[in-house]
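Descriptive structure summary
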Amino acid sequence: MRNHLKRHIVQFAEIEKEDKVPISSTKRVATIPSMFHVQQWDANDAKAKEIHRLIAEMMAIDNQPYSLVDDTGFKRLMEKIASHYKIPSRAHFSENITPEIYQKCREKIRAQLDLATHISFASDIWTSKHNNYPFLSLTAHWLTNDFKQNDFVLNTTHLPGSHTSESISHSFTTTLGNWGISVEKRHLLLTDNAPNMVKATKDSKIPSEKCFLHTLQLVIEDSIKSQRSVSDLIAICRKIVGHFDHSALATSQLLAIQTRLGSKKKKISSRCSNTLELDFLPPPINFRTKRSSLHFVRRIGAYKSQLKSVDSHKWHPCIIEAVRGNYKSIQSD
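So, on to the packing of aromatic side chains. Within this structure, the stated rule accounts for 2 aromatic pairs. The side chain of arginine 106 reaches across the aromatic face of tryptophan 179, ending 4.2 Å from its centre.

Moving on: the packing of helix 4 (residues 46-61) against helix 6 (residues 90-115). Axis separation between helix 4 and helix 6 bottoms out at 10 Å; the angle between their running directions is 85 degrees. Regarding the angle of helix 4 to helix 6, the classification is roughly perpendicular. Along the contact surface, helix 4 presents His52, Arg53, Ile55, Ala56, Glu57 and Met59, while helix 6 presents Phe93, Ile97, Thr98 and Ile101.

This next bit is on the pairing of strand 3 (residues 149-158). Pairing of strand 2 (residues 134-143) with strand 3 involves 9 bridges; the strand directions are antiparallel. When the bridges of strand 3 are listed, phenylalanine 135 appears paired with histidine 158. Taking the residues between adjacent antiparallel strands as the criterion, strand 2 and strand 3 are bridged by 5 residues, where phenylalanine 147 takes a positive phi near 60 degrees.

Right, let's talk about helix 8 (residues 195-203) for a bit. Each turn of an α-helix holds 3.6 residues, which means side chains three or four residues apart point in the same direction. Taken as a whole, helix 8 has its buried residues at Met197, Ala200 and Thr201. Along the axis of helix 8, the buried positions cluster into a sector of 95 degrees, meaning they face one direction only. Every exposed residue of helix 8 that faces more than 90 degrees away from the buried side is listed here: Pro195 and Lys202. Contact partners of the buried residues in helix 8: strand 1 (119-127), strand 2, helix 7 (165-178), strand 4 (186-191) and strand 5 (208-210). Backbone geometry just downstream of helix 8 places lysine 205 in the positive-phi region, at approximately 60 degrees.

Now for helix 11 (residues 248-261). Spanning 14 residues, helix 11 covers 20 Å between terminal C-alpha atoms, matching the ideal 20 Å at 1.5 Å per step. Ala250, Thr251, Leu254, Ile257 and Gln258 are the residues of helix 11 that are buried. Taken around the axis of helix 11, the buried residues stretch over an arc of 125 degrees, which confines them to a single face. Exposed positions of helix 11 whose direction lies more than 90 degrees from the buried face are Ala248, Leu249 and Arg260. Positioned one or two residues after helix 11, glycine 262 has a phi angle of 75 degrees, which is positive.

Scoring rules and cut-offs
Residues numbered from 1 in each chain as written. Predicted model: local features only at pLDDT ≥ 70, side-chain atom pairs only at ≥ 80, totals over all residues. Heavy atoms only, no water. Phe/Tyr/Trp six-rings, centres within 6.5 Å; stacked < 30°, edge-to-face > 60°. Lys NZ or Arg CZ within 6 Å of the ring centre and 35° of its normal. Axes fitted to C-alpha atoms, helices over the stretch in contact; angles between N-to-C directions. Helix = DSSP H or I, 4+ residues; strand = E, 2+ residues; numbered from the N terminus. Parallel < 35°, antiparallel > 145°, perpendicular 65-115°, else oblique. Contact = heavy atoms within 4.5 Å. Pairing = 2+ DSSP bridges. Buried < 20%, exposed > 50% of the residue type's maximum accessible area, 1.4 Å probe, protein only. Arc of directions from axis to C-beta. Expected span 1.5 Å × (residues − 1).

Structural data, given as structure tokens:
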């Protein structure tokens, strides 16, 4: 056969050439593992960067920690809905993606602030319930030329140490300077009645006014605390709420009694930041007026038939007497 092909020299040369082709240049047959392998996107791929941004925005909007990206459930979810996506580390989100989003938002807000002619502000100091750290915030409010209301939080900063007027004023001045808000644009800053806040606004060259609602709240608190019967009644109610809030046994007994009486099941719990903010029924209700405080007493009184059925609570006669006697005297005021 070979001798026969040699007679056809051209055709034989072509066959010899095909026999010498290296194996690496031929088309490979895909193996079974390679057929099921998922090629992941590069970190700078457009689709991957879009998911980066959405995850970072979710963390900010929902107040989620950066450790979310290390959670097993989150990893399983992303593997199911976006198998080509590789989740970056928490450091990549905190050091790159989130600052990039913040910078873009800042530029948009700065552009709107530059167009505003007069800007008002609101500020407050509060203590976080999670870490007991004090924070100072400053919010800007203004109207556009077509009377559209805008408001943005310019800064929320940790305020350690004594909350002196100097430290508050320094924070105000630094924030307004960073945002390029000139003295001429500073229309008004609404504050509470704290002397340090009032002096801080003056030192920062910001006209200020005291909040009317806060002033009214102080008047209401003083008027309620000046009446011994009201103070005693609220103290009794706080004691009852506190007991059920810290006793799982008492709470379970109360729920069992409600079931036996056929009444709607409600838990007594405390969510309060001051004397008048007592809430024991969801959803939360802030009792900031004298009438609301009386409504609080009335709702506590609605439990008297159920509370009488709970064993070994020495203060039951107190609440019954308070509802029968003191409440009537308060109601008549």
